[in-house]
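So you can see what is in the structure, the chains are spelled out below.
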Amino acid sequence: MEQLSVAELQRNLHRLNDFDIIELIDKRKGEIRGYLINKKYRFLIESIESKPSYSLAGALKKYKNPNLIEKERQ
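The following paragraphs examine the structure supplied in this document. (Residues numbered from 1 in each chain as written. Predicted model: local features only at pLDDT ≥ 70, side-chain atom pairs only at ≥ 80, totals over all residues. Heavy atoms only, no water.)

Scanning the protein for helices and strands turns up four helices and three strands. The helix and strand sequence of the protein, counted from the amino end, reads β-α-β-β-α-α-α. Across the 74 residues in the protein, those meeting the buried criterion constitute 19%. Nonlocal contacts in the protein, meaning residues at least 24 apart in sequence, comprise 8% of its contacts between residues at least 6 apart. (Helix = DSSP H or I, 4+ residues; strand = E, 2+ residues; numbered from the N terminus. Buried < 20%, exposed > 50% of the residue type's maximum accessible area, 1.4 Å probe, protein only. Contact = heavy atoms within 4.5 Å.)

This is the structure:
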């Protein structure tokens with residue numbers, strides 16, 4: 001996953017031409033500000049949103065754990 005600050009994104013909009021997920025960070029505060037997800041994954045996001053038992057933030061937050069990501073690759 002690529003990380004960009006908001007300022008870097010503003011200066012380099014061409015970085016949006018080819019990406020899957022970009023993590024937007026606030027370098028001054030050291031915080032994650034959000035994620036940009038490629039539109040090809042829209043159907044996944046909509047399927048999560050359409051299920052009332054799921055919280056979108058909670059569903060995506062679990063992927064922040066690198067151990068879970070590694071398990072999925074195996």
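What follows deals with the pairing of strand β1 (residues 2-5). As paired elements, β1 and strand β2 (residues 21-26) share four bridges and run parallel to each other. Note on β2: the bridge partner recorded for Leu4 is Leu24. Following the backbone out of β1, through helix α1 (residues 6-11) and into the adjacent parallel β2, one traces a crossover that is right-handed. (Pairing = 2+ DSSP bridges. Right-handed = clockwise from strand over helix to strand, strands pointing away.)

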